Amino acid sequence: MKTPWHFMTPGDWLIVLFLLTTSLAGIAWVAAAPGGTRVVVTRGEQILFTAPLDQPRSIDLDGPLGQTHLVIDEQGAHITNSPCPRKICISMGPARHTGDLLACVPNRILVHIDSPADEEAPYDLLSR
Amino acid sequence: MPWNRPLIIGLLVVLLALTWWRLQPGDEEIRHSRLIMGTIVEIMAGGQDPDELEDAIDAAFAEIERLDKLLSRHNPGSDVSRLSQSDKGGKVAAETAEVVALGLDVAQQSGGAFDLTLGRLKSLWGFEKETPTVPDQDALSVALAGTGPTALSLDGQQVSKQAPHLQIDLGGIAKGYAVDRAIAVLKLHGVTSAAVNAGGDMYLLGQRPQTPKHPKRFWRIGLQHPRQKDAVLETVQVRDRAVVTSGDYERFFEQEGIRYHHIFDPQNGLPARHCQSVTIIADSVALGDALATAVFVLGPKAGLQLLTQYPQVEGLIVAVDGTLHTSPDWTRYQVTP
């Protein structure tokens, strides 16, 4: 007795192969799409700067009081110099966990650690 | 048509369905932050329609900004500034009256550990200025004159001051109230899953939306360790609850080896010395705000006693010696003991 597969033509096999390949490729693409944890800097509603957290760099960010100096290194993202009067943003230390925030309120600079949606953090928000 | 063609078509349908199912992102989750009320206010909301979420978040931020204008003692036109400038008090907005009513209730229940009339004391210490200083005893006595749980009274929307020089400060409760109102606005817009976080004082509405990594679940909130900057003391899981933490590490300065922080004992005008931090889980952020301050001032024993008067409230206290004290049902929120 012949099985159903005996009735498959070479064209049918090509169609099946194409479907399998495209489906698996789509799933793999979605799984691989997100990058690493990012540093996102905003002023008001405007995104000033984004960068991967694992790539060291430093940048001056313009605000109404002057330039806030942000450093990204092995400790995380931290503000090392700021024109604000009390330097609270500097004393906040580094931000490196998803959801961590740094702010220079007088200079209107907000630094936020963001991660891909599929990267599970140990907690959603930090109460402090 | 050969009979195997339906087989291929069926296989095609199954594969497409599987692929579509795998690629479903779940709910949209939108997160925005703004600097309002002197702190970072962050709103996360989840749902199906991103445009509706954006509208809801904008409306919630607008509500917080509106309340900031009403309740800030730094805004000359606010209800709070008008009350402070007046000799006897005056009529205030319904929202201000609501905040004052809650504050007066906690002030009374806590025997004055929470106090809405410490405006002059806070100005004296200057924590919001460039160089805070330790005041002398005479200055502290002057700043505390006439303050206390009976120094203000409320009749409808009429606030009365017992002494003309009293300076009102709703800072210990206004931020929480604004978060509560923002949550109410999000609900009005049909949002069922959201978090509003104002400098660590937060309300978690519904459950955390589904993501590819996890299904819909309770919100997980890390609690800052009071003495280890990068450590989390505990993680709690909640839904439809406020989580508020007050600690001596938030704003402080050191002078001659002594740490001076911004949570004052109304009895003597000095930083309260019984606790390192207090976390409250409550129905509303405003109540959590007021109770966190009151319990911090009272210390572990009297603080936990105060919490027994609020059946829906749980608390975690880190005493000044680092020991942990919890209310009886705190464990139901714990993720990691």
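Definitions and cut-offs
Residues numbered from 1 in each chain as written. Chains lettered and ligands numbered in written order. Predicted model: local features only at pLDDT ≥ 70, side-chain atom pairs only at ≥ 80, totals over all residues. Heavy atoms only, no water. Helix = DSSP H or I, 4+ residues; strand = E, 2+ residues; numbered from the N terminus. Buried < 20%, exposed > 50% of the residue type's maximum accessible area, 1.4 Å probe, protein only. Areas by Shrake-Rupley, 256 points an atom, 1.4 Å probe, with all protein chains shown as cover. Lys, Arg positive; Asp, Glu negative; His and termini not counted. Charge placed at Lys NZ, Arg CZ, Asp CG, Glu CD. Contact = heavy atoms within 4.5 Å. Expected span 1.5 Å × (residues − 1). Core = buried A, V, L, I, M, F, W, Y, C linked by side-chain atoms within 4.5 Å. Domains from an automatic or database assignment. Pairing = 2+ DSSP bridges. Axes fitted to C-alpha atoms, helices over the stretch in contact; angles between N-to-C directions. Phe/Tyr/Trp six-rings, centres within 6.5 Å; stacked < 30°, edge-to-face > 60°. Lys NZ or Arg CZ within 6 Å of the ring centre and 35° of its normal. Buried area = accessible area lost by both parts, 1.4 Å probe. Salt bridge = Lys/Arg side-chain N within 4 Å of Asp/Glu carboxyl O.

Let us now look at the overall build of chain B. When helices and strands are counted, chain B shows nine helices and 15 strands. When burial is assessed residue by residue, chain B has 53% of its 337 residues classed as buried. Accessible surface, chain B as shown: approximately 14,900 Å² in total, 52% of it carbon and sulfur. With 31 positive and 40 negative side-chain charges, chain B shows a separation of 3 Å between the mean positions of the two kinds.

Now for the environment of Ala231 of chain B. Residue and element names in this part refer to chain B. The residue Ala231 is located in the loop between β8 (219-224) and β9 (232-238) in this model. The class for Ala231 is buried, based on a relative accessible area of 18%. In contact with Ala231, other than residues within four places in its own chain, are Leu223, Gln224 and His225.

Now for helix α7 (residues 174-188) of chain B. Residues and elements named next belong to chain B. The end-to-end C-alpha separation of α7 is 21 Å, in line with the 21 Å expected for 15 residues at 1.5 Å each. Regarding α7, the residues found buried are Ala174, Gly176, Tyr177, Ala178, Val179, Asp180, Ala182, Ile183, Val185 and Leu186. Lining the buried residues of α7 we find β2 (39-47), α2 (50-71), α4 (94-109), β6 (193-198), β7 (201-205) and α8 (285-298).

Residues and elements named next belong to chain B. One finds Leu170, Leu186, Ile280 and Leu291 to be the most contacted residues of the largest nonpolar core, which totals 67 residues. Per-element accounting of this core gives the leading share, 10 residues, to α8. Both domain 1 (28-71 + 173-333) and domain 2 (79-161) contribute no fewer than three residues apiece to this core. Setting aside anything within four residues of it in sequence, one finds Leu170 in contact with Leu71, Val80, Thr96, Val99, Val100 and Leu116.

All names here are of chain B. Spatially, three strands are ordered β3-β5-β4 in an open sheet, and the strand pairing comes out antiparallel. Each of the sheet's edge strands pairs with one partner strand only, and the pair in question is β3 (89-91) and β4 (152-155). The mean angle between the axes of side-by-side strands here comes to 15 degrees, regardless of whether they run parallel or antiparallel. Pairing of β4 with strand β5 (residues 158-161), which is carried by four bridges, proceeds in the antiparallel orientation. Note on β5: the bridge partner recorded for Leu154 is Val159.

So, on to the environment of Ile72 of chain A. Residue and element names in this part refer to chain A. The topology assignment puts Ile72 in strand β4 (residues 66-73). With a relative accessible area of 2%, Ile72 lands in the buried category. Sequence-wise, Ile72 and Ala95 are 23 residues apart; in three dimensions their C-alpha atoms are separated by 9.4 Å. The contact partners of Ile72, leaving out residues within four places of it in the chain, are Val39, Phe49, Ala51, Pro52, Leu53, Gln55, Pro56, Arg57 and Ala77.

A word on the pairing of strand β3 (residues 57-63) of chain A. Residues and elements named next belong to chain A. Here β3 pairs with β4 via seven bridges, running antiparallel. Of the residues in β4, the one forming a bridge with Leu61 is Thr68. Adjacent in sequence and paired antiparallel, β3 and β4 are bridged by two residues.

Moving on, we come to the packing of aromatic side chains. Residues and elements named next belong to chain B. For the structure on display, the rule yields two aromatic pairs over all chains. On the basis of an interplanar angle of 40 degrees and a centroid distance of 5.8 Å, the ring pair of Trp125 and Tyr260 is categorised as tilted. Of this pair, Trp125 sits in helix α5 (residues 119-125) while Tyr260 sits in strand β12 (residues 258-261); the two residues are 135 residues apart in sequence, bridging distant segments of the chain. Judged by relative accessible area, which is 0%, Trp125 ranks as buried. Here the aromatic cluster, defined as three or more aromatic residues joined through ring pairs, consists of Trp125, Tyr260 and Phe264. The ring of Tyr260 has Arg273 lying over it, and the distance from NZ or CZ to the ring centre is 5.7 Å.

Residue and element names in this part refer to chain B. One can read the domain layout of chain B as domain 1 (28-71 + 173-333) and domain 2 (79-161). With centres defined by C-alpha atoms, the gap from domain 1 to domain 2 works out at 22 Å. Taken residue by residue, the interface counts 31 residues in domain 1 and 29 residues in domain 2. Of the roughly 2,500 Å² buried at the junction of domain 1 and domain 2 (both faces included), carbon and sulfur atoms supply 73%. One can count one salt bridge joining domain 1 with domain 2.

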